[in-house]
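Results of the structural survey
The residues making up each chain are set out below.
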Amino acid sequence: HGHRVMAKKRGKRGENSYLNDFHPNLAGEYIYDGALYACQSDPVTQKKSRRRLWGCTALLLLAALLSGSIPAPGMQNCFYVILPFLGELIAAVSVVWAVVKLGRDWSAVREYVYERTVPALPGRALCAAVFAAAGILCELLYLALSGHGGQLFSALLFVMLKVLSLICALTIRRKLKCLNWAKVPKCENQ
């Protein structure tokens, strides 16, 4: 019995500790009363940043998916071209997840959402950019060693999609690093 109580207490500080910020009201509904974060940019800048973030995120995922679906020479059977593609795709999906989780209303973001998105997104975007750059280099290496095998257009399209991924990921990273977020005081939170 004592072990279960200790395990339960440890769990409350762990991954799901944000659940402590929800409390039932008289009607039995759970109300969030934890900290909130807000983007400090003016509404016009915030709207432009949100639009660019969502657009670049969609393009990043689309470019990663398309680059995996074209018959580029290195993507046919070369592990050192396929592995960076897989890394880029996983990183792109991670960026999409975080952007969707962050949402469209940046005036009151719950603390647990903020902590898992805003500080993490620049690193995730950088990871996608590194894998996209590695994909470009590995495809060019494959072409130098093995030639294009009559698929020059596919090879060029593959490299162009990787460049698009790289640009989108770096833009996401730069945009997020430029935004200022602050904890909303408790009195505004209620």
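What you see as residue numbers is a count from 1 along each chain, following the sequence as written. With pLDDT at 70 or above as the cut-off, local features in this predicted model cover only qualifying residues; side-chain atom pairs require 80 or more to be listed or tallied, and sums for whole chains, interfaces and linings still use all residues. Hydrogen atoms and water are omitted, and side-chain values are computed over all heavy atoms in the structure.

1. Here's the deal with the confidence of the model for the protein chain
- Looking at the protein chain as a whole, its pLDDT mean stands at 85, while 85% of the residues score no less than 70.
- The quantity known as pLDDT measures the predictor's confidence residue by residue, on a range of 0 to 100. A helix here means a DSSP run of H or I that spans at least four residues, while a strand means a run of E at least two residues long, and both kinds are numbered starting from the N terminus. Across the protein chain, helix H3 (residues 79-102) holds the top mean pLDDT of 96, while helix H1 (residues 2-13) sits lowest at 41.
- In the predicted structure, residues 1-12 sits below a pLDDT of 50 and forms 4 contacts with residues beyond four places in sequence or in another chain. Contact definition: two residues touch when any of their heavy atoms are within 4.5 Å.

2. With respect to H3
- To estimate how far a helix should extend, the number of its residues minus one is multiplied by 1.5 Å. Its 24 residues place the ends of H3 34 Å apart at the C-alpha level, agreeing with the 34 Å of an ideal helix rising 1.5 Å per residue.
- Buried residues of H3: Val81, Pro84, Phe85, Gly87, Glu88, Leu89, Ala91, Ala92, Val95, Ala98, Val99 and Leu102, and no others.
- The inward-facing, buried residues of H3 contact helix H2 (43-69), strand E4 (109-110), helix H4 (111-117), helix H5 (121-146), helix H6 (152-178) and strand E5 (181-184).
- Gly103 sits one or two positions beyond H3 and adopts a positive phi of about 85°. Here's how the labels work: a residue is buried when its accessible area is under 20% of the maximum for its type, exposed when over 50%, partly exposed in between, all with a 1.4 Å probe on protein chains only.

3. Considering the packing of aromatic side chains
- For this analysis, a ring pair means two rings from Phe, Tyr or Trp (six-membered ring only for Trp) whose centres lie within 6.5 Å, classed as stacked if their planes differ by under 30 degrees, edge-to-face if by over 60, and tilted for the remaining angles. Here the structure, examined in full by the defined rule, presents 4 aromatic pairs.
- Where Tyr37 meets Tyr114, the ring centres are 4.0 Å apart and the plane angle is 5°; that geometry is what we call stacked. With Tyr37 in strand E3 (residues 36-39) and Tyr114 in helix H4, the pair connects residues that are 77 residues apart, well separated along the chain.
- For Tyr37, a relative accessible area of 13% translates into the label buried.
- Centroid distance Trp106 to Trp181: 5.6 Å. Interplanar angle 50°. Geometry classified as tilted. Placement of Trp106 in the loop between H3 and E4 and of Trp181 in strand E5 is noted, with a sequence separation of 75 residues between them.
- Looking at Trp181, the relative accessible area reads 14%, which means it is buried.
- Every member of this aromatic cluster is reached through a ring pair, and the members are Tyr37, Trp106, Tyr114 and Trp181.
- Criterion for a charge above a ring: Lys NZ or Arg CZ within 6 Å of the ring centre, and within 35 degrees of the ring normal. Across the ring face of Trp106, the terminal group of Arg50 is positioned such that the distance to the ring centre comes to 5.6 Å.

4. What about a nonpolar patch on the surface?
- On the surface, a nonpolar cluster with roughly 310 Å² of combined accessible area is contributed by Leu59, Leu62, Leu66 and Leu164.
- By secondary structure assignment, the location of Leu62 is in helix H2. Patches here: salt-bridge-free residues with over 30% relative accessible area, like charges joined within 9 Å, nonpolar side chains (Val, Leu, Ile, Met, Phe, Trp, Tyr) joined within 5 Å. Only the protein chains shown count as cover for residues, and all accessible areas are computed by the Shrake-Rupley method using a 1.4 Å probe. Any Lys or Arg side-chain nitrogen found within 4 Å of a carboxyl oxygen on Asp or Glu counts as a salt bridge.

5. Thoughts on the packing of H2 against H6
- An axis is simply a line fitted to the C-alpha atoms; with a helix, the fit covers only the stretch in contact. Between two such axes, the angle follows the N-to-C directions and lies from 0 to 180 degrees. Viewed as axis vectors pointing N to C, H2 and H6 meet at an angle of 150°, and their least axial separation amounts to 8 Å. When the interaxial angle is binned, H2 and H6 end up roughly antiparallel. The hand of the H2/H6 crossing is left-handed. Of H6, the residues touching H2 (which contributes Ser49, Arg52, Leu53, Cys56, Thr57, Leu59, Leu60, Ala63, Ala64, Leu66 and Ser67) are Phe158, Leu161, Lys162, Leu164, Ser165, Cys168, Ala169, Thr171, Ile172, Arg174, Lys175 and Leu176.
- Any residue that is not Ala, Val, Leu, Ile, Met, Phe, Trp, Tyr, Cys, Pro, Asp, Glu, Lys or Arg is counted as polar, Gly included; the first ten are nonpolar and the last four charged. Looking at side-chain class alone, the contact of H2 with H6 contains 14 nonpolar, 5 polar and 4 charged residues. Here the angle decides the label: under 35 degrees means roughly parallel, over 145 means roughly antiparallel, 65 to 115 means roughly perpendicular, and every other value means oblique. Crossings are classed by handedness, with left-handed meaning an anticlockwise turn of the near helix from the far one by less than a right angle and right-handed meaning a clockwise turn.

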